[in-house]
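So the chains spell out like this:
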Amino acid sequence: MEKLVINGKTPLKGDVTISGAKNAAVAILPATLLIDGICTIDNVPNISDVKIYCDILQDLGAKITWNNEHEITVDTRNINSYNSPLEKTSKFRASYYLIGSLLGRFGHAQVGMPGGCNLGARPIDQHIKGFEALGAKVDVSQGKITATAEDLIGTSVYLDMVSVGATINVMLAAVLAEGTTIIDNVAKEPHIVDVANFLNTMGADIRGAGTDVIKINGVKKLHGNATYSIVPDQIEAGTFMLAAVATKGDVTIRNCITKHLEPIIAKIIEMGAEVDDIDGDNIRVWCTKRPKKINIKTLPYPGFPTDLQPQMGVILSMADGTSIINESIWESRFQYTEELNKMGAKISAHGKTAVFDGVEGLVGAPVYASDLRAGAALIIAGICAEGTTEVYNLSHIDRGYENIEEKFKKLGANIERVVE
Ligand code: EPU
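A brief report on the enclosed structure follows. This is a predicted model, so every value here is computed, not measured. (Residues numbered from 1 in each chain as written. Predicted model: local features only at pLDDT ≥ 70, side-chain atom pairs only at ≥ 80, totals over all residues. Heavy atoms only, no water.)

The subject of this paragraph is the overall build of the chain. Scanning the chain from N- to C-terminus turns up 14 helices and 23 strands. Its C-alpha radius of gyration of 21 Å places the chain within 12% of the 22 Å reference for a compact globule of 420 residues. For the chain, the residues scored as buried account for 58% of the 420 residues in total. At a minimum sequence separation of 6, the contacts of the chain that also span at least 24 residues come to 73%. When the accessible surface of the chain is totalled, it reaches about 15,500 Å², and 48% of it is carbon and sulfur. Between the mean site of the 40 positive side-chain charges and the mean site of the 50 negative ones, the chain shows a separation of 2 Å. (Helix = DSSP H or I, 4+ residues; strand = E, 2+ residues; numbered from the N terminus. Rg over C-alpha atoms; globule rule 2.2 N^0.38 Å. Buried < 20%, exposed > 50% of the residue type's maximum accessible area, 1.4 Å probe, protein only. Contact = heavy atoms within 4.5 Å. Areas by Shrake-Rupley, 256 points an atom, 1.4 Å probe, with all protein chains shown as cover. Lys, Arg positive; Asp, Glu negative; His and termini not counted. Charge placed at Lys NZ, Arg CZ, Asp CG, Glu CD.)

See below:
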């Protein structure tokens, strides 16, 4: 078993370069299935979710070549199956994008019930509603989802709640459909825009990504023959910004899009830390005094992201005063607070609300990552804490952060990966 051993109380200082966005990559990779051709994707994050996705695409008949650590060429001319390997697809959440892509290209898709981080109930009723509106028959039984369609016909789809996954999945299914599809009440996250930009680069006609309504004029074929560079990871950038504040450090985050970080910048300033948006692509965050209490409510973009809620929780556990976080997206995203309490925090979490009575400091302890972002939060807590922290369940963290301990080490953290 692997663990991260962190000797703490180190202010982070220096520069960190952000990788390509995980949640864009895990949608763009299956989107390549819509292309009857070859495309090249750059700025691909080297994380385990991407590696599983590449494996699955190869199982379906795609040819994948890694040109370097962050660039791959995908040839989807010889896809020979629309039954994705159930065991692999059940391991992670984003495998649901195979449904929209395979359905869109071949009119058939079979995928294992998506697994992934345990954040409470994760229904996909809105994805299914969209596929059915386009004319597909969808069956969910025996741990798998099967979707079939003679023809997909453009239509109007209104999403009952703002869902990143449903927005992208319905968009994938509609790209090659006959006629025009309008999806209303869609998510606006940067990775939605990125997936739309990727598909448009390959020949799709998608308009409005980044607003509440997306309009897709179906095209006959995606041509490929283009290179696309994935957007920088907003959540990884936010993780390092919050780590700078938590450790009372001074960090410049490079290769990010600062426009995507506005909700985080606003909260960092409210806590009394400092931010300098250098040029739109690089941002410096530093903190010289104990952060002030603040309240947070997680919301779809451009609200404060749920995927930075645990990292923010670490700061609030040590802030001056009592702060409240209301988690409005996931029903079970406070499991990390029990681990922080083992480190001396005073947090009480009930349902979707947690109250943080700020303590002066944390102390090292063995802690367990319950999911990806909880894992990132516990690393930050370990870097802040007095003494030694051991973080377990690293497979969650490796799913979504590239070289995380190397990046923290470069900023001065005393952190080692150890095999027990
Ligand atoms: N929802 C439904 N029905 C649906 C779809 C969603 O009720 O058919 C509900 C969910 O239960 C949730 C809310 O709608 O309460 C939003 O869910 P959404 O569909 O937006 O989440 P997702 O697409 O499954 C993605 C990210 C998550 C991130 C959320 C919210 C990927 C692969 N995952 O999940 O990322 O928390 O959007 O921004 O893109 C992470 O990276 O750590 C992570 C969990």
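Another point: the side chain of threonine 89. By the secondary structure assignment, threonine 89 is in helix H3 (residues 86-89). Assessed through its relative accessible area of 0%, threonine 89 is described here as buried. Here leucine 86 takes part through its backbone oxygen, which lies 3.1 Å from a polar atom of the side chain of threonine 89. (Polar contact = N/O pair within 3.5 Å; in protein donor to acceptor, adjacent residues only side chain to side chain.)

Checked against the element boundaries, phenylalanine 334 lands in the loop between strand E18 (322-326) and helix H11 (335-342). On the basis of relative accessibility, which here comes to 8%, the residue phenylalanine 334 falls in the buried class. For the pair phenylalanine 334 and glutamate 270, spaced 64 residues apart in sequence, the C-alpha to C-alpha distance is 23 Å.

The full set close to the ligand counts 25 residues, and Gln126, Ser163, Val164, Asp307 and Ile329 are the nearest of them. One of the backbone nitrogen or oxygen atoms of glutamine 126 is found 2.7 Å away from an oxygen atom of the ligand. A distance of 2.6 Å separates an oxygen atom of the ligand from a polar side-chain atom of serine 163. When the ligand sits alone it has 830 Å² of accessible area, and the protein chains cover 90% of it. For the shell around the ligand, the elements supplying multiple residues, two or more each, are helix H1 (22-31), helix H5 (125-133), helix H6 (164-174) and helix H12 (372-384). Tallying contributions element by element places H5 first for the shell around the ligand, with three residues. Its residues placed into classes, the shell around the ligand shows twelve nonpolar, six polar and seven charged. In terms of domain composition, the shell around the ligand takes at least three residues from each of domain 1 (2-19 + 232-419) and domain 2 (22-229). (Near = heavy atom within 4 Å. Nonpolar A, V, L, I, M, F, W, Y, C, P; charged D, E, K, R; others polar. Domains from an automatic or database assignment.)

With that settled, consider a negative patch on the surface. On the surface, Asp276, Asp277, Asp279 and Asp281 cluster together to form a negatively charged patch. Inspection of the secondary structure assignment puts aspartate 281 in the loop between strand E15 (274-277) and strand E16 (283-286). (Patch = residues over 30% accessible without salt bridge, like charges linked within 9 Å, V, L, I, M, F, W, Y side chains within 5 Å. Salt bridge = Lys/Arg side-chain N within 4 Å of Asp/Glu carboxyl O.)

Another point: the sheet that holds strand E6 (residues 108-112). With antiparallel pairing, the three strands of this open sheet are ordered in space as E6-E8-E7. Pairing within the sheet leaves two strands with one partner each, and these edge strands are E6 and strand E7 (137-141). Ignoring strand direction, the axes of neighbouring strands in this sheet form an average angle of 10 degrees. As defined by bridge partners, E7 adjoins strand E8 (residues 144-148) across five bridges and the pair is classed as antiparallel. (Pairing = 2+ DSSP bridges. Axes fitted to C-alpha atoms, helices over the stretch in contact; angles between N-to-C directions.)

This structure, assessed with the given rule, holds six aromatic pairs. Measuring from ring centre to ring centre gives 5.1 Å for tyrosine 53 and phenylalanine 92, while their planes differ by 85 degrees; the resulting arrangement is edge-to-face. Separated by 39 residues along the polypeptide, tyrosine 53 in helix H2 (residues 48-59) and phenylalanine 92 in the loop between H3 and helix H4 (97-106) bring together distant segments of the chain. On the accessibility criterion, tyrosine 53 (0% relative accessible area) is buried. Take phenylalanine 92: its relative accessible area is 0%, and that puts it in the buried class. Measuring from centroid to centroid gives 5.7 Å for phenylalanine 198 and tyrosine 228, while their planes differ by 75 degrees, and the two rings are edge-to-face. (Phe/Tyr/Trp six-rings, centres within 6.5 Å; stacked < 30°, edge-to-face > 60°.)

What follows concerns the environment of lysine 289. Take lysine 289: it is sitting in the loop between E16 and strand E17 (295-297). For lysine 289, a relative accessible area of 46% translates into the label partly exposed. A C-alpha to C-alpha distance of 9.9 Å links lysine 289 and alanine 319, two positions 30 residues apart in sequence. A polar side-chain atom of lysine 289 sits 3.4 Å from the main-chain carbonyl oxygen of glycine 272.

Attention shifts here to the side chain of glutamate 402. You can see glutamate 402 is positioned in the loop between helix H13 (394-398) and helix H14 (404-410). Here glutamate 402 is buried and forms no salt bridge, its nearest opposite-charge partner lysine 407 lying at an N-O distance of 5.5 Å. Among the polar contacts made by the side chain of glutamate 402, one reaches the main-chain amide nitrogen of asparagine 46 at a distance of 2.7 Å. There is a polar contact of 2.6 Å between the side chain of glutamate 402 and the side chain of histidine 70. Residues contacting glutamate 402, with those up to four places away along its chain left out, are Ser19, Val44, Pro45, Asn46, Ile47, Glu69, His70 and Lys407.

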